[in-house]
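# Residue-level structural notes
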Amino acid sequence: MSLDTWLIYLAAAIGLSLSPGPNGLLALTHGALHGRRLTLYTIAGGALGFVLVIALSMFGIGALLKTSLLWLTVLKWVGGAYLVWLGVQVWRSPPLGEGLAQAAAPRSGASLFRQGLLSAVSNPKAVLFFAAFLPQFIDPARSLLVQFLLMAGTFALVEILTELFIASAANRIRPWLQRVGKAFNRACGGVFMAIGVALPLRG
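Residues numbered from 1 in each chain as written. Predicted model: local features only at pLDDT ≥ 70, side-chain atom pairs only at ≥ 80, totals over all residues. Heavy atoms only, no water.

### Focus: the overall build of the chain
Within the chain, the secondary structure is distributed over eight helices and zero strands. Secondary structure elements of the chain occur, N-terminal to C-terminal, as α-α-α-α-α-α-α-α. In the chain, which comprises 203 residues, the share counted as buried stands at 46%. For the chain, restricting intrachain contacts to residue pairs at least 6 apart in sequence, the fraction spanning at least 24 positions comes to 91%. As displayed, the chain offers around 10000 Å² of accessible surface, 70% of which is attributable to carbon and sulfur atoms. (Helix = DSSP H or I, 4+ residues; strand = E, 2+ residues; numbered from the N terminus. Buried < 20%, exposed > 50% of the residue type's maximum accessible area, 1.4 Å probe, protein only. Contact = heavy atoms within 4.5 Å. Areas by Shrake-Rupley, 256 points an atom, 1.4 Å probe, with all protein chains shown as cover.)

Here you go:
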């Protein structure tokens, strides 16, 4: 993966981590209820879950590429259309902090870890997102394993840092998210729509 491609991937990963989703809401909820230290279990579980989802997506795509490189082009265009659709959904979604008071929280570190893990792996939107997103960056001429390690490691690190920030500042940023969350969601949604349109057109 070239540096410019990785930088685009990094920007997109940051946008995904900041956009509304179940793991961001868990980090916000558990940060407010349990504090940063215990919420590290939630964050670690979520990061592991995303690595597993990325592995499933990438090696499934790799199996298709062994059949025909035509599948990569098909996946890029179908994936681009899905990213545009996802951007519209993020644009229209409620602010991240909405409904926080109704969220329940487990007590032990093990249950927090399990909840973060299950939230990531059981979210069909995450599976669909990575199946649409990753083909835009895969180079079939290079090692799939090396590309997996780079992409999964980058996304896991971004997700951990983002959720750690959300959990640490949960009580302070919750009112801000409820106040400006709509505009924030529209910015994230606009990024996804732009990526969905632009990436399939790259060489």
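### Here's the deal with the side chain of Gln 147
Counting through the fold element by element, Gln 147 comes out in helix 7 (residues 144-168). Under the relative-accessibility criterion, Gln 147 is labelled buried at 3%. Polar side-chain contacts of Gln 147 include one of 2.7 Å to the backbone nitrogen of Asp 139. Excluding residues within four positions of it along the chain, Gln 147 makes contact with Met 58, Phe 137, Ile 138, Asp 139 and Arg 142. (Polar contact = N/O pair within 3.5 Å; in protein donor to acceptor, adjacent residues only side chain to side chain.)

### Observations concerning the confidence of the model for the chain
Overall, the prediction assigns the chain a mean pLDDT of 77, with 76% of residues at 70 or greater. Of all secondary-structure elements in the chain, the lowest mean pLDDT belongs to helix 6 (residues 124-133), at 71, while helix 7 reaches the highest, 90. For residues 100-106, every residue scores under 50 in pLDDT, and the model assigns this stretch 14 contacts once sequence neighbours within four places are set aside. (pLDDT = per-residue confidence, 0-100.)

### Remarks on the pattern of salt bridges
Summed over the entire model, instances satisfying the criterion amount to one salt bridge. Put simply, Asp 139 and Arg 142 hold a salt bridge, and the shortest N to O gap is 3.2 Å. On the accessibility criterion, Asp 139 (25% relative accessible area) is partly exposed. (Salt bridge = Lys/Arg side-chain N within 4 Å of Asp/Glu carboxyl O.)

### Re the nonpolar core
Of all hydrophobic cores here, the largest spans 25 residues; its most connected members are Tyr 9, Ile 54, Phe 130, Phe 133, Leu 134 and Phe 155. Elements with a minimum of two residues in this core: helix 1 (3-18), helix 3 (36-67), helix 4 (70-92), helix 6 and helix 7. Considering each element in turn, this core owes the most residues, six residues, to helix 3. If near-sequence neighbours (up to four positions away) are discounted, Phe 130 is found in contact with Leu 16, Phe 50, Val 53, Ile 54, Ser 57, Pro 135 and Phe 155. (Core = buried A, V, L, I, M, F, W, Y, C linked by side-chain atoms within 4.5 Å.)

### Some details on the packing of helix 1 against helix 7
Look at helix 1 against helix 7: their axes get within 9 Å of each other, and the N-to-C directions meet at 40°. Considering their axes alone, helix 1 and helix 7 lie oblique with respect to each other. Regarding helix 1 and helix 7, the two cross each other, and that crossing is right-handed. Within the contact between the two elements, helix 1 uses Trp 6, Tyr 9, Leu 10, Ala 13, Ile 14, Leu 16, Ser 17 and Leu 18 and helix 7 uses Leu 150, Met 151, Ala 152, Thr 154, Phe 155, Val 158, Glu 159 and Thr 162. Among the residues making up the contact of helix 1 with helix 7, the classes are represented as 12 nonpolar, three polar and one charged. (Axes fitted to C-alpha atoms, helices over the stretch in contact; angles between N-to-C directions. Parallel < 35°, antiparallel > 145°, perpendicular 65-115°, else oblique. Left-handed = near helix turned anticlockwise from the far one by under 90°. Nonpolar A, V, L, I, M, F, W, Y, C, P; charged D, E, K, R; others polar.)

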